[in-house]
Structures are given as structure tokens and as C-alpha cells.
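The residues making up each chain are set out below.
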Amino acid sequence: MRKTIISLLWAGVLLSSTALADTLAMQDNAPDRYVVVKGDTLWSISGHFLKTPWRWPEIWQLNKTEIKNPHWIYPGDVVLLDNSSGEPRLRLLKNEKTTGGSGSSGKLSPRIRTTSLADGATPSIPMSAISPFLSKPLVIDNESFAAAPRIAAGPDERVIFASGDKVYAVGLVGEVGDNWQVFRDGKNLIDPDDPEKKRVIGHQVDYLGDARLEVTGDVATLRLTSSKEEILVGSRLIRANEAPFINYVPHVPEQPVSGRIVTSYGGVAEAGPLTTVVINRGSQHGVDVGSVFFNYKAGRLIRKESKSEPDRFTPIEKNGNLFIYRVFPEFAYGLVLDSTRAVNVGDEVKTP
């Protein structure tokens, strides 16, 4: 399905030598040119030139309005690092196949571009790693969970259902043909920063399958169209929405934010690169889509050789970069883009 989005086409941009010297560190072995290949992201491309790849909006000198509509580049385009003027300059040499025969590079100019998810444009971050969580939740906020319709019965006395079965739901409002997703409540997520360890910030849920509304009413009739696991009476229903296509742009929130990782996809104890995690900070704390966090490993208690020794801990160390791509009032989904060690529940996250 084609989507119309506002985007800025890549072109040559003059880089401020002062900005580079004072705020942006170039890679020691930054190449003179880089050919974009399939599978690249804006983050990974910028990492060839910058030691802090999340700061690519700065290296393109995009203002606050412009960075909401990032550039589009394609495999075969060439990113050039030009020092001929005495000031570093990044230019984009467009692939003739994507420019209708024009391979030149000029100034940035905003324009409308109609594109589809499959047209080959280079995304900001790996879309395949986050797409499941754009259309299917990992965590549901308290209000949404409390208001979610539930599967109340089947056409017989069974309490377990699978694909093809008819089920009845209560609390469901919609139209015939609407698609719904079925979830099981996993566990409450407790804010680790709550002194009493009691404050619930959301509910972790497990996706079970899909259903289509066949008959509306106080007790609605649905047909299960797919089942990943057994679906039980009491399972919750959430309306299936088409995943939005957003070319995410990294930036630092307007105010300093610190928090902790409260869960990871699948409940794994140790998360690695391209794993989705949930942090206990959201829009009410100043987090928005595209916010960048550093992940830190807590200090570990050093073993004592005698009781008289004071407690000592290993230093708190930066472990990697976390990119926020979906935000709720009290929590947010983040993608671990890189890490030197495993990322664990309880790890601290801070804005740069």
C-alpha cells in the first residue's frame, strides 16, 4: 500500500567546521566516499563518518522542523566526504536510477514524495526489528487494558479455541469485518523507581492470534482467523490498526531524562542488539519518538577478602545506544541498536 509522506531528499550540505570540532567527533578512519547498499540505515551510514551516529541530523545541519521529515536515500547512492574547501562537506551523489537521470547533488529542499514501504528507500533504523511492535503491542497501558473487550464464551462449553473457531466477546464496539488481535495478560510491570515497588505502569501482554468481527451486539460474534497459541476465555481483544510508517529521526529530548529497563521482548534475561526493550519513562517525562538514550551497566559488588574491607563496586559503564520508537504516557519501547555487553532488566538509561 502506498503512503504519502513528507520527506527531504538528500543533497550536499555544508558542514560547520566549528560544530564538527566542538561537538561532533569524526571517525578516525572516516572514508572519503561510501556507496549505500541494501540493508543500510541512516544510523549505520552515519556511523561510517561519526563516532556518535545518532547525531546525524546535526551533521546534515537540519533544524528542529526539518528533522521531523528525514531524507530519503537509496542503494547505489554515494555519500561523499569533501574537504577541498578546507571545511568538511558531506554530499550525496544520487544514483541515476533513483533521480530520473540526474546524478547531481545540491541544496536540501523539502518536497512531497509518494512512496511505499517496499520501494527500497533507506530507513533511519532497521524497520524489520520494530515492525512487529508497531502493529502488535508488547505492553499495554493501564487504561487501555482495563477497557479492552474480552472473549467470554464459545458456541459450546469449551474454554480453549484455535483458528477457525467462533467466539463471543463482550465490551466490543465495532463494525462487521473489523479485525481484532487477541492477547493474554502476561504480568504487571512495576516501576522499579517506585520506593514501595507497587506502582503498576502497564501490563505486559502476549499476542495469541487474530479475529474478525462477524456479528455486532452486546455480545459480539467473532471468527478466529489465526492462532499463534491456544486462545482462552478471558483473553483480551485489541483493535488491529495498520502499522504507521515513520522514518524515525534520532535526537536528544528537550530535558534530561533517566530511567530503567523494565522488560524485554520475550522476557529474555539478557537482551542484545536489535532487541526491543521497555523503559519506565514516557511522554509525561519528556520522552518522544526518536529519543536517544545511553544504556549503562550498574556496578557489581567486588568480592571481599576480609570483612573489614569496605564495599566496593566496579565502575558504572556505558554499554550501548537505545533508540525510542513508540511512546506511551508512562513507558516507551526502545530498540537496542548496539551494545558491548548484554542489556538486562534494571539497567539504567540516560539521555546523552
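Structure first, text after, so check above.
Along each chain, residue indices are assigned from 1 in the same order as the chain's sequence is written. Given that this is a predicted model, residues contribute local features only at a pLDDT of at least 70 and side-chain atom pairs are listed and counted only at 80 or more, while totals for whole chains, interfaces and linings are drawn from all residues. Each side-chain value is derived from all of the structure's non-hydrogen atoms; neither hydrogens nor water enter the calculation.

Peer 1: Can you lay out empty space enclosed by the protein for me, pointing to particular residues and giving the numbers?
Peer 2: Of the two site types, the cavity is a set of points on a 1 Å grid over the protein atoms alone where a 1.4 Å probe fits but cannot get out, and the pocket is an open set with protein on both sides within 12 Å along at least five of seven lines, each lined by residues with an atom within 4 Å of a point. Grid points are joined across faces, edges and corners, and a volume is the space filled by probe spheres set on the points. Counted under the stated rule, the structure contains one cavity of 30 Å³ or more. Quantified by volume, the largest cavity comes out at close to 40 Å³. Ile261, Asn295, Asn319, Gly320, Asn321, Leu322, Val336, Asp338, Ser339 and Val343 together form the lining of the largest cavity. Residue contributions to the lining of the largest cavity peak at four residues, all from strand β21 (residues 317-327). Only Asp, Glu, Lys and Arg are considered charged in this grouping, and only Ala, Val, Leu, Ile, Met, Phe, Trp, Tyr, Cys and Pro are considered nonpolar; every other residue, Gly among them, is considered polar. The residue makeup of the lining of the largest cavity, split by class, is four nonpolar, five polar and one charged. The secondary structure listing takes helices from DSSP runs of H or I that are at least 4 residues long and strands from runs of E that are at least 2 residues long, numbered from the N terminus.

Peer 1: Break down the packing of aromatic side chains for me, with residues and values.
Peer 2: Note on aromatic pairs: the rings of Phe, Tyr and Trp (six-membered ring only in Trp) are paired at centre separations within 6.5 Å, and the planes decide the class, stacked below 30 degrees, edge-to-face beyond 60, tilted for the rest. On inspection of all chains with the given rule, the structure shows five aromatic pairs. Centroid distance Trp43 to Phe323: 6.0 Å. Interplanar angle 80 degrees. Geometry classified as edge-to-face. Placement of the pair is Trp43 in helix α2 (residues 42-47) and Phe323 in strand β21, with a sequence separation of 280 residues. Neither Trp43 nor Phe323 differs from the other in exposure class; each is buried. With centroids separated by 6.1 Å and ring planes inclined at 70 degrees, the aromatic side chains of Tyr325 and Tyr333 adopt a geometry described as edge-to-face. Take Tyr325 and Tyr333: they sit in the same class, and that class is buried. Each member of the aromatic cluster is reached from another via a ring pair, and the members are Tyr325, Phe328, Phe331 and Tyr333. Over the face of the ring belonging to Phe294 we find Lys318, whose NZ or CZ atom lies 4.3 Å from the ring centre. Any Lys NZ or Arg CZ found within 6 Å of a ring centre and within 35 degrees of that ring's normal is scored as a charge over the ring. Taking the ring centre of Tyr296 as reference, the NZ or CZ of Lys350 above it sits at 6.0 Å. Think of it in three bands: residues with accessible area under 20% of the maximum for their type are buried, residues over 50% are exposed, and the middle band is partly exposed, with areas taken using a 1.4 Å probe on protein chains only.

Peer 1: Describe the pattern of salt bridges, listing the residues and the values that go with them.
Peer 2: A pairing counts as a salt bridge when a side-chain nitrogen of Lys or Arg comes within 4 Å of a carboxyl oxygen of Asp or Glu. Across all of its chains, the model carries 17 salt bridges by this definition. Across the pair Asp178 and Arg239 runs a salt bridge, and its minimum N-O distance is 2.8 Å. Of this pair, Asp178 sits in the loop between β11 (166-170) and β12 (179-190) while Arg239 sits in strand β16 (residues 236-239); the two residues are 61 residues apart in sequence, bridging distant segments of the chain. Taken together, the shared-partner salt bridges in this structure form one network comprising Arg184, Asp206, Lys228 and Glu229.

Peer 1: Quick one: what's the story with the nonpolar core, residue by residue and with numbers?
Peer 2: Put simply, a nonpolar core is a bunch of buried Ala, Val, Leu, Ile, Met, Phe, Trp, Tyr and Cys residues held in one set by side-chain atoms that sit within 4.5 Å of each other. Grouped together as the largest cluster of nonpolar side chains are 25 residues, with contacts concentrated most on Ile130, Tyr248, Tyr325 and Tyr333. Counting residues per element, the ones that place at least two in this core are α5 (127-135), β20 (292-297), β21 and β22 (332-339). Of all the elements, α5 adds the most residues to this core, at five residues.

Peer 1: Explain the sheet that holds β22 to me, and be specific about the residues and the numbers.
Peer 2: Strand pairing is assigned whenever DSSP identifies at least 2 bridges connecting the two strands. One closed barrel accounts for six strands, arranged β17-β19-β22-β21-β20-β24; its pairing is antiparallel. Adjacent strand axes in the sheet meet at a mean angle of 45 degrees, parallel and antiparallel pairs treated alike. Throughout, a contact is declared for two residues whenever any of their heavy atoms are within 4.5 Å. Axis lines are fitted to C-alpha atoms, over the contacting stretch for helices. Their N-to-C directions set the angle, which ranges from 0 to 180 degrees. Here α5 sits on the sheet and contacts β19 (276-279), β21 and β22; the angle it forms with β21, its principal contact strand, is near 45 degrees.

Peer 1: I'd love a proper account of the pairing of strand β17 (residues 258-264), names of residues and values included.
Peer 2: A large share of β17 lies buried, amounting to five of its seven residues. Of the strand pairs in this sheet, β17 and β19 are connected by three bridges, and their pairing is antiparallel. The partner of Ser264 across the bridge, within β19, is Val277.

Peer 1: Describe the environment of Val249, with residues and values.
Peer 2: By secondary structure assignment, the location of Val249 is in the loop between β16 and β17. Considering only alpha carbons, one finds Val249 and Ser124, 125 residues apart in sequence, at a separation of 6.5 Å.

Peer 1: Can you break down the pairing of β12 residue by residue, with the values?
Peer 2: Where a strand is regular, its side chains alternate between the two sheet faces. With 11 bridges connecting them, β12 and strand β13 (residues 200-215) associate as antiparallel partners. Looking across to β13, one finds that Asp185 is bridged to Val205. Strand direction decides the pairing type here: β12 and β16, joined by four bridges, are antiparallel. Within β16, the position partnered with Val182 by the bridge is Leu237.

Peer 1: Requested: an account of unusual backbone geometry, with residues and values cited.
Peer 2: One non-glycine residue, Lys197, lies in positive phi territory at about 55 degrees. Here Lys197 lies in the loop between β12 and β13.

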